[in-house]
Amino acid sequence: MHTEPPASTGPAGAFWTDIDVPEPGDWTPTRTVSVVITYYQAPDALDITLAAIGQQTYPQALTEIVIVDDGSEPPLAEVRLPGDLPVKVVHQDDRGFGLARARNTGAAAASGDIVVFLDCDMVPEPSWLEAHARWHHHIPDALSLGFRRHADFAGIQAAAVEEAASRGDVGVLFEGRQQERPEWIEFHMSRTRDLTTGDDDLFRIVTGGNLGIRADTLAAIGGYDESFTQWGAEDTEFGYRAFTFGAQLIPERRALCWHQGLGNVPDSGEAASLEEQRAKIAHLIAEPTFRRWTPGRSYLVPYAVVEIDASGASAKEIERCVEGVLANRFHDLVVLLSVPDDHPEATLILRKFDGDPRVVSASGDTLQVAPVRIELPVGVVMGDRSIGRIVQLLKGVGELHIPVPGVGSVVAGKTRARRSAERCADPGLIARRYGSATASWRDVGLRGGTTRGRFSRFATRFRDNSAAGKVLRRLRSVRSKEDAGALLRWISAGIRHRLTRDRFAADRRSVSHGDDRPPTTERLGGWINGYRVVTTGVSILPNAAALQGGDLPPGRVDLVLTDEEPADRLTSSADEAGAAIVRVAGPMMVPAFDERLVNPVGFGPVTSSQFGALRSNDSAVGRWLERFDGDKVDLDRTPGSPDGADRRVRRLRFVADHPAMHPSQVSRAAYLAARCGAGVPVVAADLAELDGLVEPALLVALESVVPERLVDPVYRELASIGLRRAALQEHSQSATLRRLLALAGRIVEPPLVSVVLATNRAEFVAHSLDQIGEQDYPWLEVILALHGAVSGEAVDRAGERVSKLLQLPAEMPFGEVLNAATGAATGDLVAKMDDDDWYGSHHITDLVLAREYSGATLIGKGAEFVYLAGSNQTIRRFVGGAESSSATLAGGCLLLRRTDLIDVGSWRSVRKSVDQGLIEDVLRGGGSIYRTHGFEYVLNRHGTNHTWDSGDRYFSDQAENSWDGLRLDVAGIYPAG
């Protein structure tokens with residue numbers, strides 16, 4: 001039975017980054033510590049480790065050593081350490097690999113308030129134990145995670161270690177010797193900003209060979225799982241349970257140990273064991289990187305528990321509610337149905353679901369560690385995607401509220417957030433530390449007993465003239481049964497798209513994204529992309545917090561912006577908080593726009609002729625600018641306001657701008673940046689005065705707009721793309737924040753993109769690498785997977801342009817080839833590119849920008865521009881469908897976070913349709929999909945060896961424009977040279 005440890009002795013509910021723990025040597029410890037060392041037949045290694053243990057700075061009077069011998073032959077004899085440091089040797093019988101059982105045995109024999117686990121081949125630095133223990137004097141529910149380095153110990157004896165430790169530094173023994181550090185740990189530390197982000201997989205960093213925890217917390221979590229009786233995975237499973245329990249994972253670099261021997265690759269036996277253990281933990285760790293969310297699969301520990309209280313409801317109402325949950329495409333769930341004994345239909349209700357393993361009436365241990373719990377009122381009926389959408393919206397917050405009119409509220413929460421709040425007896429802790437949000441019941445797909453509202457929305461949208469026009473045009477093109485079938489499939493896909501396309505805007509309005517501010521830190525305002533910014537006297541970043549009084553607010557602060565010499569009081573406060581102060585002046589005073597609110601989402605064809613009646617001669621343009629009388633569009637609104645003004649002006653042919661329309665040059669610069677960032681084509685006069693205020697790239701883009709050509713819809717869209725790209729790269733809130741942090745000496749580079757390229761055609765290797773080489777996004781790595789017998793010449797041509805080169809067998813399914821390439825990637829983002837298509841130099845940049853402003857899980861482009869080699873034509877299709885939520889994406893233009901790709905089960909192990917499979921898996925998992933503009937990409941239909949085997953007629957029948965020959969220029973592609 002789990003017991004709950006006491007609440008934190010630090011500030012109530014404080015996160016570990018907000019607690020000022022003392023430096024080693026600057027405090028007086030009071031708690032006893034037991035060091036539990038697991039041992040198996042390694043006496044020499046143990047002697048070296050104990051030599052360092054005897055020289056720890058933590059008081060020996062508060063320390064005991066417990067050594068657990070896991071069935072060694074001969075058994076470990078009595079051990080003595082200098083200074084009368086107490087040592088217990090505990091023996092357990094040999095039942096095979098017994099590491100998990102040995103740690104439990106040692107913890108049971110320990111008498112200390114704090115337990116620190118240590119492997120017998122780990123040699124700690126003198127301050128190691130003190131570094132661990134200082135956290136557990138302040139936080140009861142913490143796991144302190146020590147670090148390790150691997151070193152060459154050849155010839156080093158225990159006496160040398162003892163002498164070095166007595167002088168305060170074991171590391172001097174390894175100067176000039178080979179050393180290694182576990183790079184996978186450093187990767188996750190970098191990815192999670194030292195475990196301070198809201199990621200749901202922080203626990204994967206837990207290793208038991210150098211770990212500290214309170215004894216009562218260890219008992220409450222349940223210790224290690226003793227069913228792990230072979231090599232691998234017991235630490236990860238323990239870390240998962242501790243993390244779900246609500247324990248705070250604290251990376252402690254001062255708790256450093258030296259591993260005796262360099263790191264090595266698991267041998268064949270260990271590799272086979274690890275594969276078997278992965279299959280085991282798929283049932284025990286309910287996190288998508290450890291299991292596949294495929295339809296119909298159930299696991300021992302479910303990901304979501306849907307709690308339904310049957311009190312006061314009829315059997316028919318309960319049945320409808322439960323069946324709505326079970327019908328979800330998200331299958332990894334269990335319904336916890338609470339039926340009071342005195343319910344008049346209790347027997348009937350329970351018998352209805354007695355045979356269904358996903359409906360239970362009691363919460364056992366496996367449900368206690370499910371990471372998500374959803375409280376569902378009986379009157380609410382779920383749609384088949386509701387659970388997946390709720391799971392997606394919960395990624396960045398600890399609790400989600402979904403009010404359903406006339407019924408009540410659906411409350412979804414993370415188990416770890418709720419347990420933390422319960423132990424601290426502080427319900428507000430969830431919002432402060434983890435974050436809370438509200439979502440619309442319509443956007444999640446819930447119903448309160450009627451579907452009328454949703455049907456009305458559908459009917460209204462279906463009557464839209466532009467959509468009806470497209471249907472009529474397609475109807476006129478029907479000439480055969482095949483054409484009719486294609487039309488019906490197109491209409492069906494369009495209806496599904498129309499029903500879901502507005503979900504992006506609703507998500508941005510109602511939910512705080514997890515990468516915007518860390519849910520593990522107090523929510524006091526000012527969080528932007530994981531950094532907390534406070535301002536005094538300036539309004540540069542829309543989401544920064546204004547300084548109240550002379551002191552900084554409590555909690556973490558990264559950056560202070562001011563327009564004057566900071567007062568001594570502010571400087572002192574910033575020094576204490578570790579915050580940097582940046583004095584802003586001149587060009588930097590131009591306010592940025594929030595790209596989540598001001599962006600090109602919804603950009604489309606012109607729907608108004610206002611400002612569009614231009615003749616193709618310079619004098620007409622000049623006269624128009626001269627007689628401009630101030631009849632302006634939304635100039636009185638604050639740039640970046642989320643009131644829909646940008647969406648209105650975006651439909652104009654263009655917006656004019658003149659210095660007389662603005663009170664100052666700074667306000668004009670901010671206005672232009674925001675309008676351009678929204679995708680609005682802008683015609684501006686007298687731009688020279690903005691030199692130094694508007695970034696050069698945007699100034700060049702504005703100067704290059706030719707007003708007379710804006711009557712051409714293709715030119716208008718290309719002009720908009722150039723303006724929005726420059727504005728988003730230079731004047732968005734994210735870009736401005738990076739620039740300000742750089743001034744403070746904190747360089748924050750954009751995310752690394754791993755381009756995954758798989759090919760079995762030697763003739764396209766050089767072409768594809770040329771396309772990647774022309775990309776202007778500098779933070780790239782290229783993973784080239786050669787699928788089958790690709791010539792050595794092609795491999796040689798790859799050269800240094802490839803970060804990692806994989807040779808994979810021809811019989812491997814294409815999906816597995818992509819998985820192998822993705823597994824070799826190290827970037828935050830993964831971009832899939834095809835070997836035979838054409839890409840413009842801004843292709844990757846535009847995908848990354850679209851991800852920032854849309855917040856979608858999967859970003860892509862439609863195959864709008866297609867070259868048909870058989871007829872030697874370039875065509876354009878799908879005009880007007882870009883910058884929207886759409887599942888119509890080209891397989892060679894996909895981009896998403898690597899962790900999100902793992903979350904949905906990676907690429908399907910199939911030979912074709914891997915891209916469509918990924919789209920379906922993202923939607924099934926509750927993710928969102930966004931289609932940015934289709935320029936700078938041309939799909940090459942050369943007629944041979946395509947995984948997408950539709951014929952040329954399929955494409956030519958959809959053509960809305962066509963050009964003779966290969967016309968890369970119409971798609972905005974201008975190859976170098």
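Residues numbered from 1 in each chain as written. Predicted model: local features only at pLDDT ≥ 70, side-chain atom pairs only at ≥ 80, totals over all residues. Heavy atoms only, no water.

A. A look at unusual backbone geometry. Geometrically, the link from Glu73 to Pro74 is a cis peptide bond, its omega value of 0° lying close to zero. Mapped onto the elements, Pro74 comes out in the loop between β2 (63-70) and β3 (87-92). Backbone geometry places Asp686, a non-glycine residue, at a positive phi of 50°. For Asp686, the location among the structural elements is in the loop between β25 (682-684) and α24 (696-703). The backbone phi angle of Asn872 is positive, close to 55°, even though this residue is not glycine. Inspection of the secondary structure assignment puts Asn872 in the loop between β32 (865-868) and β33 (873-876). (Helix = DSSP H or I, 4+ residues; strand = E, 2+ residues; numbered from the N terminus.)

B. Focus on the packing of aromatic side chains. Scanning all chains against the criterion turns up 16 aromatic pairs. Geometrically, the ring pair formed by Trp838 and Tyr867 is edge-to-face, given 6.1 Å between the ring centres and 80° between the ring planes. With Trp838 in strand β30 (residues 838-839) and Tyr867 in strand β32, the pair connects residues that are 29 residues apart, well separated along the chain. Where Tyr839 meets Tyr937, the ring centres are 5.2 Å apart and the plane angle is 45°; that geometry is what we call tilted. One end of the pair, Tyr839, is in strand β30; the other, Tyr937, is in strand β36 (residues 937-941), with 98 residues separating them in the sequence. Comparing Tyr839 with Tyr937, the two get one shared label, buried. (Phe/Tyr/Trp six-rings, centres within 6.5 Å; stacked < 30°, edge-to-face > 60°. Buried < 20%, exposed > 50% of the residue type's maximum accessible area, 1.4 Å probe, protein only.)

C. Focus on the sheet that holds β32. If you walk across this open sheet you meet the five strands as β30-β36-β32-β33-β37, and the pairing is mixed. The open sheet is flanked by β30 and β37 (961-964), the only strands paired with a single partner. Alignment of β32 against β36, held across four bridges, turns out to be parallel. Counted as the bridge partner of Leu868 is Arg941 from β36. (Pairing = 2+ DSSP bridges.)

D. Representation of the pairing of strand β10 (residues 304-309) in the model. Strand direction decides the pairing type here: β10 and strand β11 (residues 333-338), joined by six bridges, are parallel. Looking at β11, one finds that Val306 is bridged to Val335. Note on the crossover from β10 through helix α9 (residues 315-326) to β11: the handedness is right-handed. Examined bridge by bridge, β10 and strand β13 (residues 372-375) share four bridges and lie parallel to one another. Looking across to β13, one finds that Ala304 is bridged to Val372. (Right-handed = clockwise from strand over helix to strand, strands pointing away.)

E. Focus on the environment of Gly324. You can see Gly324 is positioned in helix α9. The spatial distance from the C-alpha of Gly324 to the C-alpha of Val381 is 5.7 Å, given a sequence separation of 57 residues.

F. Inspection of the pattern of salt bridges at higher detail. Per the counting criterion, the structure on display carries 46 salt bridges. Where salt bridges share partners, they join Arg181, Glu186, Asp194 and Arg253 into one cluster. (Salt bridge = Lys/Arg side-chain N within 4 Å of Asp/Glu carboxyl O.)

G. Seen up close, the sheet that holds β13. Read from one edge to the other, the open sheet built from seven strands follows the order β12-β11-β10-β13-β16-β15-β17, with strand pairing classed as mixed. The sheet terminates laterally at β12 (359-360) and β17 (436-438), the two strands that pair on one side only. For strand β15 (residues 399-404) and strand β16 (residues 408-414), the ladder comprises six bridges, and the chain directions are antiparallel. Of the residues in β16, the one forming a bridge with Ile402 is Val410. Here helix α13 (residues 415-423) sits on the sheet and contacts β13, β15 and β16; the angle it forms with β16, its principal contact strand, is near 90°. (Contact = heavy atoms within 4.5 Å. Axes fitted to C-alpha atoms, helices over the stretch in contact; angles between N-to-C directions.)

H. The arrangement of the nonpolar core in detail. Core analysis: the largest hydrophobic core is formed by 99 residues, its most contacted members being Leu143, Ile308 and Leu337. A per-element tally of this core places α9 first, with six residues. Excluding residues that lie within four positions of it along the chain, Leu337 makes contacts with Ile308, Ala310, Ile318, Val322, Ile349, Phe353, Val359, Val360 and Ser361. Among the nonpolar cores identified, the runner-up in size contains 70 residues, and Val753, Leu849, Tyr853 and Tyr930 belong to it. (Core = buried A, V, L, I, M, F, W, Y, C linked by side-chain atoms within 4.5 Å.)

I. Expanded view of the packing of α9 against helix α10 (residues 346-353). With their axes 10 Å apart at the nearest point, α9 and α10 run at an angle of 25° to one another. With respect to α10, the element α9 is oriented roughly parallel. As α9 packs across α10, the resulting crossing turns out to be right-handed. Of the residues in α10, those touching α9 at Ala315, Ile318, Glu319 and Val322 are Leu348, Ile349, Lys352 and Phe353. Of the residues that constitute the contact of α9 with α10, the class distribution is six nonpolar, no polar and two charged. (Parallel < 35°, antiparallel > 145°, perpendicular 65-115°, else oblique. Left-handed = near helix turned anticlockwise from the far one by under 90°. Nonpolar A, V, L, I, M, F, W, Y, C, P; charged D, E, K, R; others polar.)

J. Spatial organisation of the pairing of β33. Inspection of the sheet shows β32 paired to β33 by four bridges, in the antiparallel sense. Note on β33: the bridge partner recorded for Leu868 is Gln873. Following β32, the chain reverses through four residues before pairing antiparallel with β33; Asn872 in that reversal takes a positive phi of roughly 55°. Here β33 runs beside β37; their pairing, made up of four bridges, is antiparallel. By the bridge assignment, Gln873 is partnered in β37 with Asp964.

K. A look at helix α30 (residues 843-854). Compared with the 16 Å implied by 1.5 Å per residue over twelve residues, the 16 Å span of α30 between its first and last C-alpha is a close match. Counting buried residues in α30 gives eleven out of twelve residues, a clear majority hidden from the surface. Inspection of α30 places His843, Ile844, Thr845, Asp846, Leu847, Val848, Leu849, Ala850, Arg851, Tyr853 and Ser854 among the buried residues, and these make up the whole buried set. Looking one or two places after α30, you find Gly855, whose phi comes out positive at around 70°. (Expected span 1.5 Å × (residues − 1).)

L. Representation of the confidence of the model for the chain in the model. For the chain, mean pLDDT is 81; residues scoring 70 or higher make up 83% of the total. Under a pLDDT of 50 for its full length, residues 450-466 has, in the predicted model, seven contacts with residues more than four places off or in other chains. (pLDDT = per-residue confidence, 0-100.)

M. Focus on α9. For α9, spanning twelve residues, the distance from its first C-alpha to its last is 16 Å, which sits close to the expected 16 Å at 1.5 Å a residue. Along α9, the residues classified as buried are Ala315, Ile318, Cys321, Val322, Gly324, Val325 and Leu326. Against the buried residues of α9 lie β10, β11, α10, β12 and β14 (381-382).

N. Expanded view of the environment of Gly925. Assignment of secondary structure puts Gly925 in the loop between α32 (914-924) and β35 (929-932). Since its relative accessible area comes to 9%, Gly925 is described here as buried. Along the chain, Gly925 and Arg385 lie 540 residues apart, while their C-alpha atoms are 8.3 Å from each other. Setting aside chain neighbours within four positions, we find Gly925 in contact with Gly388 and Gln392.

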